[in-house]
Each structure stands twice: as C-alpha cells, then as structure tokens.
Amino acid sequence: MDTDSKSAQGLPIVVEFSGGLELLFSNQRKHKLSLPSRDGKGHATNMAYLVRYLCDNLMSDARQDMFVVDDTVRPGVLVLINDADWELEGEHQYELKKNDNVLFVSTLHGG
Amino acid sequence: MAPKMCALCGTSRAFIVRPKNQQKLCKECFTTAFETEIHNTIIANSLFVPGERVAIGASGGKDSTVLASVLKTLNERYSYRLNLVLLSIDEGIKGYRDDSLETVKRNAVQYQMPLEIVGYDKLYGWTMDQVVDQIGKKGNCTYCGVFRRQALDRGAAGLGIRHVVTGHNADDIAETVMMNLLRGDLPRLARATSIVTASPASDIKRSKPLKYAYEKEIVLYAHHKRLDYFTTECIYSPEAFRGSARTLIKSLERIRPSAILDVVRSGEDMARLVPDEVSGGARPNKDILVVEGEAEIGGGCGSANGRSSGGEMADMEKQLLDIEHAQGNEIDIALRGQKHDRNCRNTNRMPKKLHKQQMGKCKRCGYLSSQDICKACMLLEGLNKNKPKQQIEVSVEEADSPTLTRRMEGLKVIPVHQT
Ligand SMILES: [Zn+2]
Ligand SMILES: [Zn+2]
C-alpha cells in the first residue's frame, strides 16, 4: 500500500506509557516519535518493530523485562492503538499509520 | 482492515475485547456491561442495605477509583440509598502518598464524597518510613499490611461506619487462590474467595464488589471514562511469591483469558470442599469459616491491594498465621456467588447464625480483639523493643529489659474508637 516515496519520509506517531511503565521511559508519559516507514527488510513499520524500537532506543531503564518478555509485550501490559485494544488491530502485525497513538498501560502495579 | 463493530449495538466501532468471553464491544456498551455486572454482583450477594453508610477504601489507584466511580453511578442509577465516604490511609512513606492523596482529594470533589485520611503515625506512633529505618526494606509489607487492615477498620469505626468496601478484583483473588494452592494452604485458599467478611473483632464488615471484575477491564474502564487515578507501587514492596503468582496469572490470561475467572471459581468450589477442621478449627456451624480478615488477599502496601509479601518476614507471618488458626477472631460469611453454581446445591447457603466469640480488648491498645494482644500491637512490640536510639525513654511494663526505649506515641497506640 505504501509507495516508495512515502517510505522516504518519517512516520510520526505518538507513544504513551502509563500504569507505571512511564518509569521505564524517562518518567515521561507522552513521547512523539518519528519512525522510518519501512523496516530494514523493506516491510511496512508495524507494532513488532515499534516494540523493538522502544526497547532499543527509548527505554531509559535497564529493566527491559518489565516491558517485554520473550520478544513481545509482557503479559499484564495492555496495548491500545488509537484507543482500541490491539487485539482488534492484529497486534504485532498492525502496520502503523501517520499520527497513530499507541498507548501501553501496565496493570501490574498498585491499584 | 475495516473496523469491527460492537457485538451488542452493532452500530458503533468495537474498542474493547472482553477477556472473559472475547466479546468485542464499543466504549458505551462496555461501560454499561461493566457497571451492570457489578450491580448484579452486589444484588446477588446482598452486599448493601438501603441507607447504609459505606466507606470506600481509597488509595487513589485504579481499583479503588473505579470502585468509587462505579458505586456512585450505581447508587444513583439503582437508588441503593448508600451514604458513601472515601477512606484513605496515609502510611507515612515520604513522597509516596503525596500524589495519591492529592488524587483522592480530587476524587472526593469529583464524586462529591466526604474524605477521611487516617495516618499510621497517629494510629500507631510509627510511620512506615520509621518502620523501614528500623527493620530494613525487606519484609516490611507485613507491617504495612497488618497496620493497613486495622487502619481501615479503625478509620471506619471512627466515623461510625460499619462497612468497608475495597477494590480487590478478580485478578487479585485468582492470584491469591494460586498462591495458596502453591503453598498448600487450603484454609487460606478457601477464605480468600469469599466476597464478604464480617469481623466481630472490629465490628466492621468488609466486602469486595469488584471480585468478578478483570483488572484489564478496570483499567480500560478508568481509561475510557477518563477517571483521575494515580499509579504507584509501594517503593518498599519486594517482588516475592505474590509477584510470581501475579505473573503466572497474567501469563495464563494471555493464553486463555477466561482463566482468571476460572481460577476464582475453582477457588470457590474448593472452598466448599474444605472441611471445618481444616478451615480454622472445629466450628459448630458448617457454613461459617473463621478467618483473620483480609490477610488473605494482598496484604502488602502497594495499594489497597498489596502486591507482595516479604520473604524475610516468613517467620512473623507464620506466627501470625498460627494465631489465626488457633484463635480465629473473625468470621467469614461465606456467601455463595451466582451463576457458577452449577449444581445449585449450595446456591442459597446462608449462614444461620454467626459463631459467637468471646471478645475482649487488646491489652495494649484497647482495640477489640479475641486475642490478648492484637496483631498490630504484636508487631509494634517488636518494633518498640528494638528501637535502638533517639525517642523518649519510657521503659514501662518490660522491667526486664532496661535498655528498652519506646516512643511515647508508640505506647499510646490508639484507643481512639471501638470502646
Ligand atoms: Zn455497542
Ligand atoms: Zn492492640
């Protein structure tokens, strides 16, 4: 669907963390990111890419396992893409679009 | 990919996938379904009586905030005629409660409910920070948990309120069932599952209206209703056994979302099979389990629902447990829940009468207790004995430990209410 010309541009998205996850990301809830619109293999940038990207580039805390376990978002962390449960959007396979909002909420912390 | 539509109204886009049945719902239908189910739990278990004053144990966290919001909504929608009050505990952990108490204060305005804040320093003469200075960072959740349990009761009693509701959810219960299964503690497993606990020791009834609500849905409800809550974790809580049980539950949920409610229901079914002799001493009435209140569910201090239990304090916990088993000073009204009662045999099994305990007062603090010394005072005694420096020297009672120093306030622990 994406054209090559589009892939040259960045893919601006907003990523938010809450429920305690913000502590792993400079204690900042909202992050504006610009991702490449294609990954290294030429595939459209998807959620799997984003999760890896966040671990490699944005996480300020060494405790990666608080966010990711076995290459996927840790059980107990909810993911909402534009407010919708990512289960409705294909989870890792969801291809990110311009100005998407992705929210990660931990349910593991105090209630 | 075309957006999926709501399974109930068919007209709005689905945003939520319900963990218990994979139903895809729009925000509005989800909100209604979530609230209605809690209403059904409340009615099926006769949790409230009209005109009752009810204190909501409020931490500013998601569970208690959702509980307050939903109870306010249901109270108005179904005319429960409840008089709802927010009750918060200030453990005295520097910086830790500041934000959450601010949140609770905002909630009080948002929900137009009176707010009462009760501090450990006032109740016990010790803030949690001072406890931690004394015993170190590990294991202090035991203290926090014991103190907290009484604090809610004392706070409520001080307001003349005899019913406290807490935000324990299905995940919390499943986690506790699992923990007790893993450590072979069937009596505790049995007690953990009950939705109401009445306690002659404190004269305060405790209940958990969110018992069947998934944590995931609680978070989503808070998110979609834009509720004002605060996320924090007790900075002193070590991730111990409870943490592992929690991880296990969440991992099971990932594979089979219904697992959480299934574990809760298994716990209820198992509870029914636990003989009296096992569940806390021989009881004249088979329907009553004698328990020590909320100790079973999340005794820690991360929130109203603690997330951990200190490994180092195993001995103290065991000691406390033994006392419970031996004396059992609280009564668990094992109300039977709802739909899961496949064989209906026990559906309406209500206790005929409460087993009367000979109640006395804690010799230290005057708090109603069937034991000479209540749990909190037992812990306080240990703390006060080992208090190495500073503070006013009073050295009373324990004439055989002349070096003993005590804090004045520590001694005076609270005969506040409950006469
Ligand atoms: Zn709908
Ligand atoms: Zn006492």
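Below you will find a few notes about this structure. Remember, predicted model here, so these are calculated numbers, not experimental data. (Residues numbered from 1 in each chain as written. Chains lettered and ligands numbered in written order. Predicted model: local features only at pLDDT ≥ 70, side-chain atom pairs only at ≥ 80, totals over all residues. Heavy atoms only, no water.)

**A look at the packing of aromatic side chains**
All names here are of chain A.
Argument step 1. Taken as a whole and judged by the stated rule, the model has 13 aromatic pairs over all chains.
Argument step 2. Seen in terms of ring centroids, F67 and F104 are 5.1 Å apart; in terms of plane orientation they differ by 80°. Their pairing is edge-to-face. Highlighted residues: F67 in the loop between α2 (47-58) and β3 (68-69) and F104 in strand β7 (residues 101-106), separated in sequence by 37 residues.
Argument step 3. Relative accessible area serves as the criterion here: at 0%, F67 is assigned to the buried category.
Argument step 4. Residue classification places F104 among the buried residues on the basis of a relative accessible area of 0%. (Phe/Tyr/Trp six-rings, centres within 6.5 Å; stacked < 30°, edge-to-face > 60°. Helix = DSSP H or I, 4+ residues; strand = E, 2+ residues; numbered from the N terminus. Buried < 20%, exposed > 50% of the residue type's maximum accessible area, 1.4 Å probe, protein only.)

**Topic: the sheet that holds strand β5 (residues 77-81) of chain A**
Strand pairs in the sheet, formed through backbone hydrogen bonds, run parallel or antiparallel to each other.
Residue and element names in this part refer to chain A.
Argument step 1. Taken in spatial order, the 5 strands make up an open sheet running β2-β1-β7-β5-β6, and their pairing is mixed. Unpaired on one side and paired on the other, β2 (30-36) and β6 (84-85) mark the two borders of the sheet.
Argument step 2. Sheet topology note: the strand β1 (residues 10-18)/β2 ladder contains 7 bridges and is antiparallel. From the neighbouring strand, E16 faces β2, where its bridge partner is K30. (Pairing = 2+ DSSP bridges.)

**Section: the pairing of strand β4 (residues 83-90) of chain B**
All names here are of chain B.
Argument step 1. Taken across its 8 residues, β4 has 6 buried, putting it largely inside the fold.
Argument step 2. Note: strand β3 (residues 53-57) against β4, 5 bridges, orientation parallel. Note on β4: the bridge partner recorded for V54 is L84.
Argument step 3. What joins β3 to β4 is helix α2 (residues 62-77), and the crossover it makes is right-handed.
Argument step 4. Where β4 lies against strand β5 (residues 115-119), 5 bridges are found, and the strand directions are parallel. Note on β5: the bridge partner recorded for L87 is E116.
Argument step 5. The parallel pair β4 and β5 is bridged by helix α3 (residues 96-110), and the resulting crossover is right-handed. (Right-handed = clockwise from strand over helix to strand, strands pointing away.)

**Observations regarding a nonpolar patch on the surface**
Argument step 1. Together, L182, F241, L248 and L252 of chain B make up a nonpolar patch on the protein surface, roughly 310 Å² of accessible area in all.
Argument step 2. Among the elements that make up the nonpolar patch, the one with the highest residue count is helix α10 (residues 241-255) of chain B (3 residues). (Patch = residues over 30% accessible without salt bridge, like charges linked within 9 Å, V, L, I, M, F, W, Y side chains within 5 Å. Areas by Shrake-Rupley, 256 points an atom, 1.4 Å probe, with all protein chains shown as cover. Salt bridge = Lys/Arg side-chain N within 4 Å of Asp/Glu carboxyl O.)

**Describing the interface of chain A and chain B**
By a widespread convention, an interface's size corresponds to the accessible area lost as its parts come together.
Argument step 1. Listed as interface residues are 25 residues of chain A and, on the opposing side, 35 residues of chain B.
Argument step 2. Residue E87 of chain A is joined to K216 of chain B by a salt bridge in which the shortest nitrogen-to-oxygen separation is 3.2 Å.
Argument step 3. Our count for the contact surface shared by chain A and chain B stands at 11 residue pairs in polar contact (both at pLDDT 80 or more).
Argument step 4. For the side of chain A that touches chain B, the secondary structure elements donating two or more residues are β4 (72-73), β5, β6 and β7 of chain A.
Argument step 5. Here the residues of the side of chain A that touches chain B sort into 10 nonpolar, 10 polar and 5 charged. (Contact = heavy atoms within 4.5 Å. Polar contact = N/O pair within 3.5 Å; in protein donor to acceptor, adjacent residues only side chain to side chain. Nonpolar A, V, L, I, M, F, W, Y, C, P; charged D, E, K, R; others polar.)

**Points about the pattern of salt bridges**
Residue and element names in this part refer to chain B.
Argument step 1. Using the criterion set out here, one finds 26 salt bridges over all chains in the structure.
Argument step 2. For K250, the salt bridge goes to D171, with nearest N and O atoms at 2.7 Å. With K250 in helix α10 and D171 in helix α7 (residues 170-182), the pair connects residues that are 79 residues apart, well separated along the chain. Each member of the pair K250 and D171 is classed as buried.
Argument step 3. Where E175 meets R246, a salt bridge forms, and the shortest distance between an N and an O atom there is 2.5 Å. Taken together, the residues span a long stretch of sequence, with E175 in helix α7 and R246 in helix α10 at a distance of 71 residues.
Argument step 4. Overall, E175 belongs to the buried group, its relative accessible area being 1%.
Argument step 5. In the salt-bridge network here, residues are joined through shared partners; they are K62, D63, D171, D172, E175, E215, R246 and K250.

**Focus on the nonpolar core**
Argument step 1. By size, the foremost hydrophobic cluster in this structure holds 49 residues, and its most contacted members are F34, I42, F48, I56, V66, L71 and L86 of chain B.
Argument step 2. Once you skip the residues sitting within four places of it in the chain, V66 of chain B turns out to touch F34, I218, Y221, A222 and L227 of chain B. (Core = buried A, V, L, I, M, F, W, Y, C linked by side-chain atoms within 4.5 Å.)

**Structural notes on the environment of C9 of chain B**
Residue and element names in this part refer to chain B.
Argument step 1. Along the chain, C9 turns up in the segment before β1 (16-17).
Argument step 2. On the basis of relative accessibility, which here comes to 32%, the residue C9 falls in the partly exposed class.
Argument step 3. Expressed as a C-alpha distance, the spacing of C9 and S251, which sit 242 residues apart in the sequence, is 31 Å.
Argument step 4. Excluding anything up to four places from it in sequence, C9 contacts C26 and C29.

**Looking at the packing of α7 of chain B against helix α11 (residues 259-273) of chain B**
Residues and elements named next belong to chain B.
Argument step 1. Put simply, α7 and α11 touch, their axes get as near as 8 Å, and they point 55° apart. Considered as vectors, α7 and α11 are oriented oblique to each other. In this structure, α7 crosses over α11, and the sense of that crossing is left-handed. Seen from α7, the contacting residues are A170, D171, I173, A174, V177, M178 and L181; seen from α11, they are I260, L261, V263, V264, G267 and M270.
Argument step 2. Here the residues of the contact of α7 with α11 sort into 11 nonpolar, 1 polar and 1 charged. (Axes fitted to C-alpha atoms, helices over the stretch in contact; angles between N-to-C directions. Parallel < 35°, antiparallel > 145°, perpendicular 65-115°, else oblique. Left-handed = near helix turned anticlockwise from the far one by under 90°.)

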